Amino acid sequence: MGHQWSVSSAACFPWGICRRVAQYGDRVRNPWPLDLPSRIDRAAERRESTDLESCDAIVVRDGRVLTADGRLVELAPDAQPSASLRIYLGRDGDRDLVALVPEDPGFGADPDGIGGERMRGLRDLLAGFWDRGAEGERDHELASTAVAIANWHASHPRCALCGEPTVPTSGGWVRRCDNDEREHYPRTDPAIIVAITDPVDRLLIAHAAAWSPKRFSHLAGYVEPGETFEQAVHREVAEESSLALSSVEYLGSQPWPFPASVMVAFRAVTEDPEALDLDMDEVSEARFVTREELAELVRTGEVILAPKGSVARRMLEDWFGGVLPEPRPDATVDV
Ligand SMILES: [Zn+2]
């Protein structure tokens, strides 16, 4: 017997266009939707068969990528430096792209190089990528993947079991040990980040002991083996702040290859903000702020928040209900 499907009229506008349920981030300018597939086709089925030396290349080394005017530079094969490693990134339209790690550690380091091209850190590029909307999201995807996988190769040169050197294979997505024939795969370490509000909708902002003095963000921490993301949220927040949480809700995620994470974002409520008691080793300062208080702290430069394009910034602006103000020109900014 076939099923009869019907669409609830409550979910559709009268002219028949189904209304999308409001999503996280909708209240603010949101050029990078969180519910879409990748803009680049990773084309895993082409990793083995593609000639990596005939592909256009993004240059990556030590967490940096080759850019010009804040845009990723893609070099044709005859313009590429000699490579110590090539990794297949996927298909962009009808082109195959690779990440190329140059042999020369000084490649692109000269800011006066041809066309102003130079190697820049992914964190520094985020805000500029964000400002370029869909095109910037594509650059962000490619750069994040290139940095993440190049970081993995750089930090996993040997077999974890027998200690012999391993060699890249499968388009750079596997390292193989010829001694014991084991294959080693890239890893990503999940970390949770959580926007915590109190019963009057003030937001907790926290300063990690290791950060530059004025930087504040949400509480965050690594997921441990054997726990769910949600359990990690409860545990990390209890360890760092002694706060108990309710209404834990998943928001979205973002690759965070510094050096090998994905940030998994949540929001949650604490019913008892007075219980705030910091673990001073990790978090040296934290407080609940109203929207007006946070705006003023940002304007005066007393607080520096996560960069545009980061999931942490989205979480802040989602709570704030719009784009956060910029520091005043006379504010002392210490980045
Ligand atoms: Zn081995």
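Residues numbered from 1 in each chain as written. Predicted model: local features only at pLDDT ≥ 70, side-chain atom pairs only at ≥ 80, totals over all residues.

### Digging into the overall build of the chain
Here is step 1: The number of helices and strands found in the chain is five helices and 16 strands.
Here is step 2: Split into buried and exposed, the 335 residues of the chain put 30% on the buried side.
Here is step 3: Within the chain, residue pairs in contact and separated by at least 24 positions form 65% of the contacts whose partners lie at least 6 positions apart. (Helix = DSSP H or I, 4+ residues; strand = E, 2+ residues; numbered from the N terminus. Buried ≥ 20, exposed ≤ 12 C-beta atoms within 10 Å, placed from the backbone. Contact = placed C-beta atoms within 7 Å.)

### A short note on the pairing of strand S6 (residues 95-102)
Here is step 1: Judged by how many residues are buried, S6 sits mostly within the fold: six of eight residues are covered.
Here is step 2: As paired strands, strand S1 (residues 56-61) and S6 are joined by four bridges and run parallel to one another. Bridge assignment links Asp56 to a residue of S6, and that residue is Leu97.
Here is step 3: As judged from the eight bridges shared by strand S5 (residues 83-92) and S6, these two strands associate in the antiparallel manner. In the sheet register, Ile87 faces S6, and the bridge partner there is Ala99.
Here is step 4: Linking S5 to S6, which pair antiparallel, is a turn of two residues; within it Gly93 sits at a positive phi near 65 degrees. (Pairing = 2+ DSSP bridges.)

### Digging into helix H3 (residues 229-241)
Here is step 1: A rise of 1.5 Å per residue sets the reference length of H3, with its 13 residues, at 18 Å; its end C-alpha atoms lie 18 Å apart and thus fit the reference within 8%.
Here is step 2: Ala232, Val233, Glu236, Val237, Glu240 and Ser241 are the residues of H3 that are buried. Across the axial projection of H3, the buried residues extend over an arc of 120 degrees, all falling on one side.
Here is step 3: For H3, the secondary structure elements touched by its buried residues are strand S11 (189-197), strand S13 (219-222), strand S14 (246-256), strand S15 (261-269) and strand S16 (283-289).
Here is step 4: In the segment just after H3, Ser242 is the residue with positive phi, at about 65 degrees. (Expected span 1.5 Å × (residues − 1). Arc of directions from axis to C-beta.)

### A look at the nonpolar core
Here is step 1: One finds Ala191, Ile192, Ile193, Val194 and Ile196 to be the most contacted residues of the largest nonpolar core, which totals 35 residues.
Here is step 2: Secondary structure elements with two or more residues in this core: S11, strand S12 (203-208), S13, H3, S15, helix H4 (291-299) and helix H5 (311-320).
Here is step 3: With six residues, S11 is the largest single contributor of residues to this core.
Here is step 4: Residues in contact with Val194, not counting those within four places in the same chain, are His218, Leu219, Val233, Val237, Phe266, Arg267 and Ala268. (Core = buried A, V, L, I, M, F, W, Y, C linked by C-beta atoms within 7 Å.)

### Brief notes about H5
Here is step 1: Of all 10 residues in H5, eight are buried, a share of seventy percent or more.
Here is step 2: Taken residue by residue, H5 has Val311, Ala312, Arg313, Arg314, Met315, Leu316, Glu317 and Asp318 as its buried positions.
Here is step 3: For H5, the secondary structure elements touched by its buried residues are S11, S14 and S15.
Here is step 4: A positive backbone phi angle near 90 degrees is found at Gly321, which sits one or two residues after H5.

### Description of unusual backbone geometry
Backbone geometry follows two general trends: most residues other than glycine have a negative phi, and most peptide bonds adopt the trans configuration.
Here is step 1: Along the chain, Phe258 connects to Pro259 via a cis peptide bond; the corresponding omega equals 5 degrees.
Here is step 2: Here Pro259 shows up in the loop between S14 and S15.
Here is step 3: The backbone phi angle of Ala43 is positive, close to 45 degrees, even though this residue is not glycine.
Here is step 4: Positionally, Ala43 belongs in the segment before S1.
Here is step 5: For Ala43, a count of 16 C-beta atoms within 10 Å translates into the label partly exposed.
Here is step 6: In this structure, Ser170 is a non-glycine residue whose phi angle is positive, near 50 degrees.

### Topic: the sheet that holds strand S8 (residues 167-169)
Here is step 1: Across the sheet, which stays open at both edges, the three strands sit in the order S8-S9-S10 with antiparallel pairing between neighbours. Whereas interior strands pair on both sides, the edge strands pair on one side only; in this sheet they are S8 and strand S10 (183-184).

### Regarding the environment of Ala99
Here is step 1: Looking at the secondary structure, you find Ala99 in strand S6.
Here is step 2: As a C-alpha pair, Ala99 and Ala150 span 51 residues in sequence and 8.0 Å in three-dimensional space.
Here is step 3: Among residues more than four places away in sequence, those in contact with Ala99 are Ile58, Val60, Ile87, Leu89, Ala146, Ile149 and Ala150.

### A closer look at the packing of helix H1 (residues 122-131) against helix H2 (residues 133-155)
Here is step 1: The N-to-C vectors of H1 and H2 enclose an angle of 160 degrees; their axes lie 8 Å apart at closest approach. When the axes of H1 and H2 are compared, the pair comes out roughly antiparallel. Along this stretch, H1 crosses H2, giving a crossing that reads as left-handed. Where H1 abuts H2, its residues Leu122, Leu125, Phe129, Trp130 and Asp131 lie against Gly136, Asp139, His140, Ala143, Ser144 and Val147. (Axes fitted to C-alpha atoms, helices over the stretch in contact; angles between N-to-C directions. Parallel < 35°, antiparallel > 145°, perpendicular 65-115°, else oblique. Left-handed = near helix turned anticlockwise from the far one by under 90°.)

### Notes on the environment of Met263
Here is step 1: Following the sequence through the fold, Met263 ends up in strand S15.
Here is step 2: Separated by 41 residues in the primary sequence, Met263 and Tyr222 place their C-alpha atoms 9.1 Å from one another.
Here is step 3: If we skip the residues at most four places from it in the chain, Met263 touches Ala191, Ile193, Ser253, Gln254, Trp256 and Val311.

### Some details on the confidence of the model for the chain
Note that predicted coordinates carrying low pLDDT should not be read in detail.
Here is step 1: When pLDDT is averaged along the chain, the result is 89; 87% of the residues meet or exceed 70.
Here is step 2: Note on residues 1-20: pLDDT is under 50 here. Beyond four places in sequence and across chains, it has eight contacts. (pLDDT = per-residue confidence, 0-100.)

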